[in-house]
Amino acid sequence: MTAAVRGLLLAAGLALIGYGLYGLLGDPYITDPVDVLVWGFGGLLLHDGLWVPLLCLLGAFLVRGPVLRGWLVVAAAVTAVGLPAVLRAGDDGGNPSVLPLPYLRNWLLVLAATAGLALLVALVGRWRRRDPAVGRRGRTVGRGRTVRRRAPREDRS
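Basis of the calculations
Residues numbered from 1 in each chain as written. Predicted model: local features only at pLDDT ≥ 70, side-chain atom pairs only at ≥ 80, totals over all residues. Heavy atoms only, no water. Helix = DSSP H or I, 4+ residues; strand = E, 2+ residues; numbered from the N terminus. Buried < 20%, exposed > 50% of the residue type's maximum accessible area, 1.4 Å probe, protein only. Contact = heavy atoms within 4.5 Å. Areas by Shrake-Rupley, 256 points an atom, 1.4 Å probe, with all protein chains shown as cover. Axes fitted to C-alpha atoms, helices over the stretch in contact; angles between N-to-C directions. Parallel < 35°, antiparallel > 145°, perpendicular 65-115°, else oblique. Nonpolar A, V, L, I, M, F, W, Y, C, P; charged D, E, K, R; others polar. Core = buried A, V, L, I, M, F, W, Y, C linked by side-chain atoms within 4.5 Å. Left-handed = near helix turned anticlockwise from the far one by under 90°.

A. Expanded view of the overall build of the protein. Along the backbone of the protein there are four helices and two strands. When its helices and strands are written in sequence order, the protein yields α-α-α-α-β-β. Residues counted as buried form 8% of the 157 residues belonging to the protein. A sequence separation of at least 24 residues applies to 30% of the contacts in the protein between residues at least 6 apart. As presented, the protein carries roughly 13,500 Å² of accessible surface, and 66% of it is formed by carbon and sulfur atoms.

B. Up close: the side chain of Thr 79. Mapped onto the secondary structure, Thr 79 falls in helix 3 (residues 66-87). Setting aside its immediate chain neighbours within four residues, Thr 79 contacts Pro 84, Trp 107 and Leu 111.

C. Main features of the packing of helix 3 against helix 4 (residues 103-130). Their axes nearest at 10 Å, the elements helix 3 and helix 4 cross at an angle of 170°. Looking at the two axes, helix 3 sits roughly antiparallel to helix 4. Across from Val 67, Trp 71, Val 74, Ala 75, Val 78, Thr 79, Ala 85 and Val 86 in helix 3, the residues of helix 4 making contact are Tyr 103, Leu 104, Trp 107, Val 110, Leu 111, Thr 114, Ala 115, Ala 118, Val 121 and Ala 122. Across the contact of helix 3 with helix 4, the residue classes break down as 16 nonpolar, two polar and no charged.

D. Structural detail: the nonpolar core. Ranked by size, the top nonpolar core spans six residues in total: Ala 75, Val 86, Leu 99, Tyr 103, Trp 107 and Leu 111. Among the elements of the structure, helix 3 and helix 4 are those that each provide at least two residues to this core. For this core, the leading source of residues is helix 4, giving three residues. Excluding residues within four positions of it along the chain, Tyr 103 makes contact with Ala 85 and Val 86.

E. Structural detail: the packing of helix 2 (residues 33-61) against helix 3. Put simply, helix 2 and helix 3 touch, their axes get as near as 10 Å, and they point 155° apart. The orientation of helix 2 with respect to helix 3, classified from their angle, is roughly antiparallel. Crossing of helix 2 over helix 3 shows right-handed handedness. Residues Trp 51, Leu 55, Gly 59 and Ala 60 of helix 2 lie in contact with helix 3, whose contacting residues are Arg 69, Leu 72, Val 73, Ala 76 and Ala 80.

Below you can see the structure in the form of structure tokens.
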């Protein structure tokens with residue numbers, strides 16, 4: 001990537017951040033912008049100080065294989081986003097439209113679907129490594145040996 005493209009992307013990102021902060025701090029419903037900043041820094045500290053190191057340690061010491069590590073990252077992200085709704089299920093404060101869905105069931109379904117997809121990726125990877133005929137031209141004969149066809153000889157007359 002060239003320096004000019006990186007500079008344009010940086011400028012676009014900073015412009016979006018500035019626009020977001022302008023909209024956030026100019027919102028009439030926000031009475032104390034300092035509370036918003038404290039909440040933002042608290043989330044940053046929680047994410048970078050606890051969540052990411054814990055996930056990295058689990059991935060480094062307890063998990064073998066890139067597919068399982070990738071699924072752990074996906075499961076952690078889904079959990080971080082979905083856990084507040086799962087924990088507040090049933091706490092609607094008299095308004096049943098606040099949290100109307102079965103969040104625990106949906107969270108478990110998303111985890112199961114992503115785990116199934118990760119298992120499928122792992123099985124396909126194992127099958128491709130195990131079968132020597134995959135990705136090669138030729139046909140497999142007894143005991144997994146691959147016989148390749150030779151190109152026809154050119155006539156040099």
